[in-house]
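Structural features, examined
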Amino acid sequence: MSSVLTEICPHPVVQAPMAGGVAVPQLAAAVSEAGGLGFLAAGYKTADGMYQEIKQLRGLTSRPFGVNLFLPQPETPDPAAVGVYAHQLAGEASWYETELGDPDSGRDDGYDAKLAVLLDNPVPVVSFHFGVPSREALDALRRAGTFTLVTATTAEEARAVERAGADAVIAQGVEAGGHQGTHRDVPDTDRSGVGLLSLVAQVRESVGIPVVAAGGIMRGGQIAAVLTAGADAAQLGTAFLAAHESGAHSLHKRALTDPLYARTELTRAFSGRPARALVNRFLREHGPYAPAAYPDVHHLTAPLRKAAARAGDAQGMALWAGQGHRMARELPAGQLVELLAAELEAAR
């Protein structure tokens, strides 16, 4: 690993910042305490909500940790398509006895306010998803002593990350669970994602900054593979989804290894942006018709997903998961980090 990453996390294991209540302070603290890099997800939270979680995490560990931000999104190219989708979801709202959400609930995720908090109260690491932050923002964070990472899904995007001045790039393969961190949402490229090993090799030859590999990694042997391919560390999301400290719903955790959910698929059904989830009824029925409209669709379906969870109905939930979900291990997060490190050493 690069010397800076080694100082941040002795083991080359980064816990992905899974938004939606999964990456809670307890999970991040357990990972960091075990020698990995724990992350909080600021996505969908208010600036104050993010700040309160940072304070809670600092009370749980003195080890380095990270916070992830979503970049503001451009206007939806076809707002009328969101209205059509809302009409198609009317039956879901009736079934779950709830109202659809307001698709116009905001496009910037409180980005400026969150960035201001992180500059006033610096944290060791900040990562970005859904685009490239300005050089001014990255330089300001560097002056505050913060190490910055930005997600890329192609070598071209990785070069843009380096040009902007980020300290490292997260190379996210198409195998990854949850949202693909593409810099531009182009529907024509929905089926053209690059596999992780190929992506890491391409990114390694394209940039001179450290590379963190993400996508479908569940075992230490896979971490060894991406390190051999040129990565400096590995980011794991689904592997930590089932951890004891994870804030994921119990139905979501159980679904990872339930034979009923045999595969994952990239879908726009829940948020309007390509994201990998376990195939359930909602995805099958609505995925083919969901428009390219993030975060409009996310806001629209949020009450449905919450109502499904309250009803104990996993068929209506967004069961984010990477392609390696069947290899999930329900362990304490710290124990999982130690096991991954041991498997990595054995593979080496």
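Quick note: structure is the one above.
The notes below deal with the structure included here. (Residues numbered from 1 in each chain as written. Predicted model: local features only at pLDDT ≥ 70, side-chain atom pairs only at ≥ 80, totals over all residues. Heavy atoms only, no water.)

1. Describing the pattern of salt bridges
- Per the counting criterion, the structure on display carries 13 salt bridges.
- For aspartate 185, the salt bridge is made with arginine 268, and the minimal N-O distance between the two is 2.8 Å. Here the residue aspartate 185 occupies a position in the loop between strand E7 (178–179) and helix H9 (196–204), and arginine 268 occupies one in the loop between strand E10 (264–267) and strand E11 (275–278), the gap between them amounting to 83 residues.
- A salt bridge links arginine 263 to glutamate 265, with the shortest nitrogen-to-oxygen separation between them at 2.9 Å.
- Linked by salt bridges that have partners in common, Glu92, Arg281 and Glu285 make up one network. (Salt bridge = Lys/Arg side-chain N within 4 Å of Asp/Glu carboxyl O. Helix = DSSP H or I, 4+ residues; strand = E, 2+ residues; numbered from the N terminus.)

2. Observations concerning the side chain of threonine 301
- As for its position among the elements, threonine 301 is in helix H14 (residues 296–310).
- The buried category is assigned to threonine 301, whose relative accessible area is 0%.
- Here arginine 305 takes part through its side chain, which lies 3.0 Å from a polar atom of the side chain of threonine 301.
- Not counting residues within four places of it along the chain, the set of residues in contact with threonine 301 comprises Tyr85, Leu89, Ala269, Phe270 and Phe282. (Buried < 20%, exposed > 50% of the residue type's maximum accessible area, 1.4 Å probe, protein only. Polar contact = N/O pair within 3.5 Å; in protein donor to acceptor, adjacent residues only side chain to side chain. Contact = heavy atoms within 4.5 Å.)

3. What about the layout of surface pockets?
- For the largest pocket, the calculated volume is near 1200 Å³.
- Contributing elements (two or more residues each) for the lining of the largest pocket: strand E3 (65–70), strand E4 (125–129), strand E6 (168–172), E7, strand E9 (233–236), helix H11 (238–241) and H14.
- Per element, the largest residue contribution to the lining of the largest pocket is seven residues, and it comes from H14.
- Tallied by class, residues from the lining of the largest pocket come to 22 nonpolar, 24 polar and two charged.
- What lines the second largest pocket is a set of 21 residues, and nearest its centre among them are Thr153, Thr154, Glu157, Thr182 and Thr189.
- In terms of residue count, helix H8 (residues 155–164) provides more of the lining of the second largest pocket than any other element does, three residues in total. (1 Å grid on protein atoms, 1.4 Å probe; cavity = no way out; pocket = protein on both sides within 12 Å on 5 of 7 lines; lining within 4 Å. Points joined across faces, edges and corners; volume = space filled by probe spheres on them. Nonpolar A, V, L, I, M, F, W, Y, C, P; charged D, E, K, R; others polar.)

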